[in-house]
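Below, each chain spelled out in residue letters.
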Amino acid sequence: MPPAPLALSSRSERTTDSPINGLIRLALENPALVSLAAGLVDEESLPVEEVADAAADLLSEPAAGRAALQYGTVMGYAPLREKVLHRLAASDGLRPADMNLTPDDVVVATGSQQLLALLGDILLNPGDIVLAEAPTYFVFQNVLRGVGARVLTVPMDEHGLDVDALESLLRRLDRSGDLPRVKLIYTCDYYQNPTGLTLSRERRPRLLELARRYSRTNRILILEDAAHRELRYEGDDLPSVKSFDRRNEHVVWTATFSKPCAPGLKTGYGILPRELVGPLLRLKGDHDFGSNNLTQHLLDRLLASGAYDAHVARLRQVYRAKRDALLEALAEEFRDAPDVTWTRPAGGLYVWAMFPAGMESGPSSRLMRAALDEGVLYVPGEYGYSPACGPVPRNEARLSFGVASLDQLREGVRRLRRAVRSASRPAGRNAAAAACAAAQ
Ligand SMILES: Cc1ncc(COP(=O)(O)O)c(C=O)c1O
């Protein structure tokens, strides 16, 4: 007799598999495929020697080694918390005290993704509203769906999130009586995943001013996801939105060692308004009573020795060359296709491509099938949009230059060009039938 059906919680039933996981699996199973989809980092430049040296150094001191192999605290290794705080303040030309911050406002986590998920849980009830960029980071959308939040999106332009549109949306929500349900504004403001766009300097204080002004019945927090800030390839660094939040009231800052160092270390950190630290730690304690302590000690040594900064400097060169190779290949291959456009990121790992209106790029589209036939993979742009906000653009794609080599990037774009050509041809009877079958 089969067992009785499992009765999962409604929280679990709302939680879906990230569509990106399927794409990553596909790329791993087909090594001949050029993956412009995966968010993985450049393999060759992973800091194997630096981490080996830090580990040898740490474990050669028995007391330090034992401390690193013991459980740590839920909040994270104190010297590491202190260092990341000073680094954030220094990159904004400030001292922690200028932002009313101490190391006790810093939490180290198992990747910044853990912080995003915990924040969703401690802040949001089903039906609460989160305002996010359109498009936004796919995986955080999943988190928000899981907690039952309503995601309302705000358009972006070449200067990042459109703060005028945000203000209009807040005004509308105020008029409709929904303002008390707005808890969070989520922005990935440096070289955004997925578009590569960056919030301009002028818009940064304005974003905070809007959050403050519309915090009437409850505080509207800004979640500033700065996962890619350190991967800057041109121009000056921009001040964080957090740096304008001098009383540490409105901005939750999250960042990670995954992209600028190694995702296998799976360590991120958050800098939070003080009242959030307790609730976050209580839930985190239930999850793990502390993230991996050994990696925190290793990262602390990498920061202290200067190996981390030297690595980031080298990594910037590697990714700058990759970004340039991708952009040059796009310009070359699509020079006769003015209706295909793309962003030009100043950092990060992503370029956002826009195909002609009507050329769908979704998982069962002709373009996706043609791309797979040609041997190239991208992420359909529609995954970044919330269906609650009107028609979803279906002719866009995220192209990542993280993991592919320079040659693979050039080859990937050649294949994409052939796929776009093939998807532009009028569909024959068989192709149309196949499209219907694939969409079932
Ligand atoms: C924008 C953004 N935020 C957060 C994360 C989470 O990264 P991690 O958990 O490895 O720190 C990622 C990873 O790709 C990301 O792109």
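The paragraphs below set out a description of the structure included in this document. Bear in mind that the values here come from a model prediction, so they are computed numbers and not experimental data.

### Quick look at the site of the ligand
Neighbouring the ligand are 13 residues; Ser112, Asp225, Thr256, Ser258 and Lys266 lie closest to it. Glutamine 113 places a main-chain nitrogen or oxygen 2.9 Å from an oxygen atom of the ligand. Within the side chain of lysine 266, an N or O atom sits 2.6 Å from an oxygen atom of the ligand. Protein contacts shield 92% of the accessible area of the ligand, which totals 390 Å² for the unbound molecule. With three residues, helix 6 (residues 111-123) is the largest single contributor of residues to the shell around the ligand. Split by residue class, the shell around the ligand holds three nonpolar, seven polar and three charged.

### Considering the side chain of threonine 267
Turning to its location among the elements, threonine 267 is positioned in the loop between strand 8 (251-256) and strand 9 (268-271). If sequence neighbours within four positions are ignored, threonine 267 has contacts with Val108, Ala109, Gly111, Thr256, Phe257, Ser258, Thr295, Gln296 and Leu299.

### As for the environment of arginine 417
Residue position: arginine 417 is located in helix 14 (residues 406-424). Residue class for arginine 417 comes out buried when judged on its relative accessible area of 7%.

### Observations concerning the sheet that holds strand 11 (residues 350-354)
Strand order in the open sheet formed by four strands is 10-11-14-13, and the pairing between neighbours is antiparallel. Each having just a single partner strand, strand 10 (341-342) and strand 13 (379-380) make up the two edges of the open sheet. Both strand 13 and strand 14 (residues 396-400) contribute to a ladder of two bridges, which runs antiparallel. Paired with valine 379 across the two strands is arginine 398, which belongs to strand 14.

### Focus on the packing of aromatic side chains
For the structure shown, the criterion picks out nine aromatic pairs. Summarising the aromatic geometry, the rings of phenylalanine 138 and tyrosine 383 are spaced 6.5 Å apart at their centres and angled 90 degrees between planes, so their arrangement reads as edge-to-face. Taken together, the positions of phenylalanine 138 in helix 7 (residues 138-146) and tyrosine 383 in the loop between strand 13 and strand 14 put the pair 245 residues apart, joining distant regions of the chain. Taken as a pair, phenylalanine 138 and tyrosine 383 share a single burial class, namely buried. Each ring, one from tyrosine 233 and one from tyrosine 319, has its centre 6.5 Å from the other, and the planes form 45 degrees; the classification is tilted. Of the two residues, tyrosine 233 sits in the loop between strand 7 (221-225) and strand 8 while tyrosine 319 sits in helix 12 (residues 307-333), which places them 86 residues apart along the sequence. Note on accessibility: tyrosine 233 and tyrosine 319 belong to one class, buried. Chaining the aromatic ring pairs together yields one cluster made of Tyr233, Tyr319 and Phe401. In this structure, arginine 204 packs its charged tip against the face of tyrosine 190, placed 4.4 Å from the ring centre.

Rules used in this analysis
- Residues numbered from 1 in each chain as written.
- Predicted model: local features only at pLDDT ≥ 70, side-chain atom pairs only at ≥ 80, totals over all residues.
- Heavy atoms only, no water.
- Near = heavy atom within 4 Å.
- Polar contact = N/O pair within 3.5 Å; in protein donor to acceptor, adjacent residues only side chain to side chain.
- Areas by Shrake-Rupley, 256 points an atom, 1.4 Å probe, with all protein chains shown as cover.
- Helix = DSSP H or I, 4+ residues; strand = E, 2+ residues; numbered from the N terminus.
- Nonpolar A, V, L, I, M, F, W, Y, C, P; charged D, E, K, R; others polar.
- Contact = heavy atoms within 4.5 Å.
- Buried < 20%, exposed > 50% of the residue type's maximum accessible area, 1.4 Å probe, protein only.
- Pairing = 2+ DSSP bridges.
- Phe/Tyr/Trp six-rings, centres within 6.5 Å; stacked < 30°, edge-to-face > 60°.
- Lys NZ or Arg CZ within 6 Å of the ring centre and 35° of its normal.

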